[in-house]
Structure formats: structure tokens, C-alpha cells
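Residue-level structural notes
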Amino acid sequence: MKKLLSVVVVLGLACTTSINAEEVNSGGVESLRGTATLDATKKAEEMKRVIKDKNPIARNYVHQPPMIPHQIRGYKVDLNSNKCLTCHGWKYAAETGATKVSMTHFETRDGKTLSDISPRRYFCSQCHVTQADAKPLVENTFEPVESLGND
Ligand code: HEC
Ligand code: HEC
């Protein structure tokens, strides 16, 4: 038993060392950070400029969280308050002109409909992001769905 244990420990150690070695050297494979080695800190990308108050960008596929067509700087969402809901909540939507959060935002993950926003849809920016003129990170052949208003 003791012998088996020490074999396991030695094997474990061998594995960790080889993983560490790989982490430092990318082996020439280029990732989204370029060819920087994994232990080097690369300069952060410039922040994207948020496109201010434009018409919403058409959705690309069914079930896509729509992009946010306005600035959200300073809009706080925490345990005590949710700035987004002061316009997008059903109570305020008519008066503010904001789109109401849809029914799915009241559903729990096991399909129950709550009388207020579901905890899994409370932190809006987990899914919704502001619009920015950003190039695709990798070349791709994705085509948006035509029936959702894309030409
Ligand atoms: C002061 C009111 C106000 C606040 C606060 C606000 N919004 Fe909005 N939002 C609007 C209005 C008005 C529109 C509609 C604009 C339009 O259609 O041109 C809108 C549009 C949107 C849309 C697009 C909806 C669609 O139909 O495509 C999303 C998504 C959105 N907001 C998310 C958010 C999130 C997330 C927050 C919080 C970080 C937030 N909003 C805070 C007023 C607000
Ligand atoms: C877990 C992801 C997720 C979170 C968190 C989330 N949403 Fe959404 N939202 C979606 C998706 C997906 C859609 C489009 C399909 C749908 O309605 O479910 C959507 C749609 C919307 C729409 C458009 C509704 C319509 O009828 O066209 C608004 C407005 C919106 N969300 C606002 C919010 C606000 C405000 C919050 C925070 C209180 C929030 N969302 C949190 C995923 C999310």
C-alpha cells in the first residue's frame, strides 16, 4: 500500500511539472493574445468606444440577448438596487419608453415563473453588452438570420 502511494505521488509530481512547462511555452501556436508566451503579461486592448444612443442592432439569431443601444456607465446593479430595472421593469417601461424585460426574465431554471425578476436574470450585463464597432476576433463565416431583420 505504501509503495503504491509513493508511486501515485511521484506520478502526480511528474504531471504537474510537465503542465507547468507547457504553460510557459505556447509551442508557437497563436492565440487571441498573439504569440506572447503564457507567463508574459500582454498590453491590454484599448477600451472600445460605446456607440451612443443608436437604434438597436438587429439580433443575429433567435434567443440572442439584444445588444444595449445606450451608455450604461454608472448604472449600478447590486443586492440593493438594479438601475436597469428602473426603466426596463414592467412597472416603469411605459413611462420611460424602454423595452420591457421579456417573460423569460421571470423564469427560474426549472421552468417556474416568478412574480419578480428571476435571480438568474438579475445581473443584466452578464448577457447584455453595449454596442461597439468591434471587428471579429477570429475570421468566421457566420451569417445572421435573415428573418430577424438582417439584410
Ligand atoms: C434611463 C432609462 C434606462 C436605463 C436605466 C436602462 N435602459 Fe436600456 N433602454 C432604455 C430605452 C429607452 C431603450 C430603447 C431604446 C431604443 O429602442 O432605441 C433601451 C434599450 C435597451 C435594450 C435593447 C432592447 C431591444 O428591444 O432590443 C437593452 C438590451 C437594454 N436597454 C438593456 C439595458 C441594461 C442591461 C441596462 C442596465 C445596465 C439598461 N438597459 C438601463 C432605457 C434605459
Ligand atoms: C442569462 C442571460 C440574461 C440576463 C442575465 C438578462 N437577460 Fe435580457 N435577454 C436575454 C435573452 C436571451 C433575451 C432574448 C430572448 C428572450 O427574451 O429571452 C433577452 C431579452 C431582453 C430584452 C428584450 C425583450 C423583448 O421583448 O424584446 C430586454 C429589454 C432585456 N432582455 C433586458 C434585460 C435586463 C434589464 C436585465 C437585467 C435585469 C436582463 N435583460 C438580464 C438574456 C438575459
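The shown structure was predicted, so the numbers you read here are calculated from the model rather than taken from an experiment.

When its secondary structure is counted, the chain shows three helices and zero strands. Scanning the chain from its N terminus toward the C terminus, one meets helices and strands in the order α-α-α. Taken over 151 residues, the chain has a buried fraction of 13%. Considering only residue pairs separated by 6 or more positions, the chain has 43% of its internal contacts joining residues 24 or more positions apart. For the chain, the accessible surface area stands at approximately 13,000 Å², while carbon and sulfur atoms represent 58% of it.

Below, the discussion takes up the UniProt feature "binding site: heme c 2" (unreviewed entry) in the chain. Cross-referencing UniProt, the feature "binding site: heme c 2" (unreviewed entry) maps to H105, C124, C127 and H128 in the present numbering. These annotated residues cover 24 residues of sequence, and their C-alpha atoms lie no more than 12.5 Å from one another, placing them together at a single site. Locating C127 in the fold gives a position in the segment after α3 (90–96). In this structure C127 comes out as partly exposed when scored by relative accessible area, which is 42%. Relative to the elements of secondary structure, H128 occurs in the segment after α3. Residue contacts for H128: discarding those within four places in its chain leaves P65, P66, I68 and H105. Here the side chain of H128 touches P66 through a polar contact of 2.8 Å, landing on its backbone oxygen.

Moving on, we come to the coordination of the iron atom of ligand 2. The coordination sphere of the iron atom of ligand 2 contains the protein donors H105 (NE2) and H128 (NE2), at a distance range of 2.0 Å. Coordination geometry of the iron atom of ligand 2: the six donor atoms subtend angles of 87 to 178 degrees at the metal centre, consistent with an arrangement described as octahedral. Taken together, the positions of H105 in the segment after α3 and H128 in the segment after α3 put the pair 23 residues apart, joining distant regions of the chain. On the accessibility criterion, H105 (12% relative accessible area) is buried. Residue class for H128 comes out buried when judged on its relative accessible area of 19%.

For ligand 1, the set of nearby residues contains 19 residues, the closest of which are H70, C84, C87, H88 and T99. H88 is positioned with one of its side-chain polar atoms (N or O) 2.7 Å from a nitrogen atom of ligand 1. Within the contact set of ligand 1, an oxygen atom lies 3.1 Å away from a side-chain nitrogen or oxygen of T99. Considered class by class, the residues forming the shell around ligand 1 number eleven nonpolar, six polar and two charged.

What follows is about the pattern of salt bridges. Two side chains bearing opposite charge may form a pair once their charged atoms approach each other closely. By the definition in use, this model includes one salt bridge. With a closest N to O distance of 3.8 Å, K76 and D78 form a salt bridge.

Time to look at a nonpolar patch on the surface. Residues Y61, V62, F142, V145 and L148 make up a contiguous nonpolar surface patch of roughly 440 Å² in combined accessible area. Looking at V145, the relative accessible area reads 31%, which means it is partly exposed.

Coordination of the iron atom of ligand 1 by the protein comes from H70 (NE2) and H88 (NE2), over a distance range of 2.0 Å. The site at the iron atom of ligand 1 holds six donor atoms, and with the angles between them running 86 to 179 degrees, its shape is octahedral. Of this pair, H70 sits in the loop between α1 (2–24) and α2 (85–88) while H88 sits in helix α2; the two residues are 18 residues apart in sequence, bridging distant segments of the chain. H88 gets classed as partly exposed once you look at its relative accessible area, which sits at 23%.

Thresholds, definitions, all that
- Residues numbered from 1 in each chain as written.
- Chains lettered and ligands numbered in written order.
- Predicted model: local features only at pLDDT ≥ 70, side-chain atom pairs only at ≥ 80, totals over all residues.
- Heavy atoms only, no water.
- Helix = DSSP H or I, 4+ residues; strand = E, 2+ residues; numbered from the N terminus.
- Buried < 20%, exposed > 50% of the residue type's maximum accessible area, 1.4 Å probe, protein only.
- Contact = heavy atoms within 4.5 Å.
- Areas by Shrake-Rupley, 256 points an atom, 1.4 Å probe, with all protein chains shown as cover.
- UniProt positions renumbered as here; feature names shortened; annotations may be inferred.
- Polar contact = N/O pair within 3.5 Å; in protein donor to acceptor, adjacent residues only side chain to side chain.
- Donors = N, O, S within 2.8 Å, 3.2 Å for Na, K, Ca; no water.
- Tetrahedral: all angles 85-135°; square planar, octahedral: opposite > 155°, others 65-115°.
- Near = heavy atom within 4 Å.
- Nonpolar A, V, L, I, M, F, W, Y, C, P; charged D, E, K, R; others polar.
- Salt bridge = Lys/Arg side-chain N within 4 Å of Asp/Glu carboxyl O.
- Patch = residues over 30% accessible without salt bridge, like charges linked within 9 Å, V, L, I, M, F, W, Y side chains within 5 Å.

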